[in-house]
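# Observations on the three-dimensional arrangement
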Amino acid sequence: MECFCRMKDADKIKTETFVWSGPFAWSGYENETGLDSIPDVEGVYLWTFEYEDGYLLYLAGVTKSMKTRFQSHSRTFKNGGYTVLDMGAAQKGIRIEIWHGWPSKENEKECKEAFNADTVNLEKLKNQLYSMRVFILESSDKRLRERMEAALMHSLVYSKESWADLADRGMALNGVRYNSEMPIIAKNIIENKDVKKIYGLFDE
């Protein structure tokens, strides 16, 4: 198919069911939280925090190896490269930054030194990683992973819900769908029956 036509090809659109597993603990916090370790698989991952009767989506990402990717995330956090939030506010859906990350290559060293020199930053970071709950969609399809990540983040960023302001902006995302690709109606299911809802994870 060279180009999807909404009128001509509408009957070809299929619904696919995606099963999310979790919540898992952030790597290194399994004993403190009592949650399982993140499995080392290919797929899409969600960073969430406990919120009301479920969990609140903060960020979606993709990887070929959860183990390698989360090791990288942990290093970047500890170097001051990522935003650190006030968890009390975050769990109410309110974004209050303790530390604004995203250093440029030019000031990376200074950023790391400044971040690690402040014990408040370090304690707040530990609290954030302890509070993080990770959900995973296992998938070996690279393009499907990219589309799911982009769809979730676009939906979150443009949501009119007040809690959507918690989400990080400015991510470099591949397009939700190329015009040559068939649309997918995604039906998301949470494997753990004790998890009532992930706010920001669309049902369909």
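Going by the structure above, here's the rest.
Below: a short report on this structure. (Residues numbered from 1 in each chain as written. Predicted model: local features only at pLDDT ≥ 70, side-chain atom pairs only at ≥ 80, totals over all residues. Heavy atoms only, no water.)

## What about the overall build of the protein?
Within the protein one finds six helices and eight strands. Going from N to C terminus, the protein has its helices and strands arranged as β-α-β-β-α-β-α-β-α-α-β-α-β-β. Among the 204 residues that make up the protein, the fraction classed as buried is 45%. For the protein, restricting intrachain contacts to residue pairs at least 6 apart in sequence, the fraction spanning at least 24 positions comes to 68%. (Helix = DSSP H or I, 4+ residues; strand = E, 2+ residues; numbered from the N terminus. Buried < 20%, exposed > 50% of the residue type's maximum accessible area, 1.4 Å probe, protein only. Contact = heavy atoms within 4.5 Å.)

## As for the side chain of Glu 30
Along the chain, Glu 30 turns up in helix 1 (residues 30-33). In this structure Glu 30 is buried but unpaired, with Arg 133 as the nearest side chain of opposite charge at 10 Å. Ignoring sequence-local partners within four residues, the contact set of Glu 30 consists of Ala 25, Leu 35, Asp 36 and Ser 37. (Lys, Arg positive; Asp, Glu negative; His and termini not counted. Salt bridge = Lys/Arg side-chain N within 4 Å of Asp/Glu carboxyl O.)

## A few points about the packing of aromatic side chains
The tally for this structure, following the rule as stated, stands at 14 aromatic pairs. Ring geometry for Tyr 51 and Tyr 199: centres 5.1 Å apart, planes at 90°, overall edge-to-face. A residue pair is termed long-range when its members are at least 10 positions apart, and Tyr 51 in strand 2 (residues 43-51) and Tyr 199 in strand 8 (residues 198-199) qualify at 148 residues. For the pair shown, Tyr 51 and Tyr 199 are each scored as buried. Seen from their ring centres, Trp 163 and Tyr 199 are 6.0 Å apart, and the 70° between their planes marks the pair as edge-to-face. One end of the pair, Trp 163, is in the loop between helix 6 (142-157) and strand 7 (184-190); the other, Tyr 199, is in strand 8, with 36 residues separating them in the sequence. Note on Trp 163: relative accessible area 11%, which makes it buried. The class for Tyr 199 is buried, based on a relative accessible area of 10%. Taken together, Trp 26, Tyr 45, Trp 47, Phe 49, Tyr 58, Phe 70, Phe 77 and Tyr 82 form an aromatic cluster joined through their ring pairs. (Phe/Tyr/Trp six-rings, centres within 6.5 Å; stacked < 30°, edge-to-face > 60°.)

## Concerning unusual backbone geometry
Of note, the amide linkage connecting Gly 22 to Pro 23 takes the cis form, showing an omega dihedral of 5°. Residues other than glycine seldom take positive phi values, yet Glu 52 does so here, at roughly 50°.

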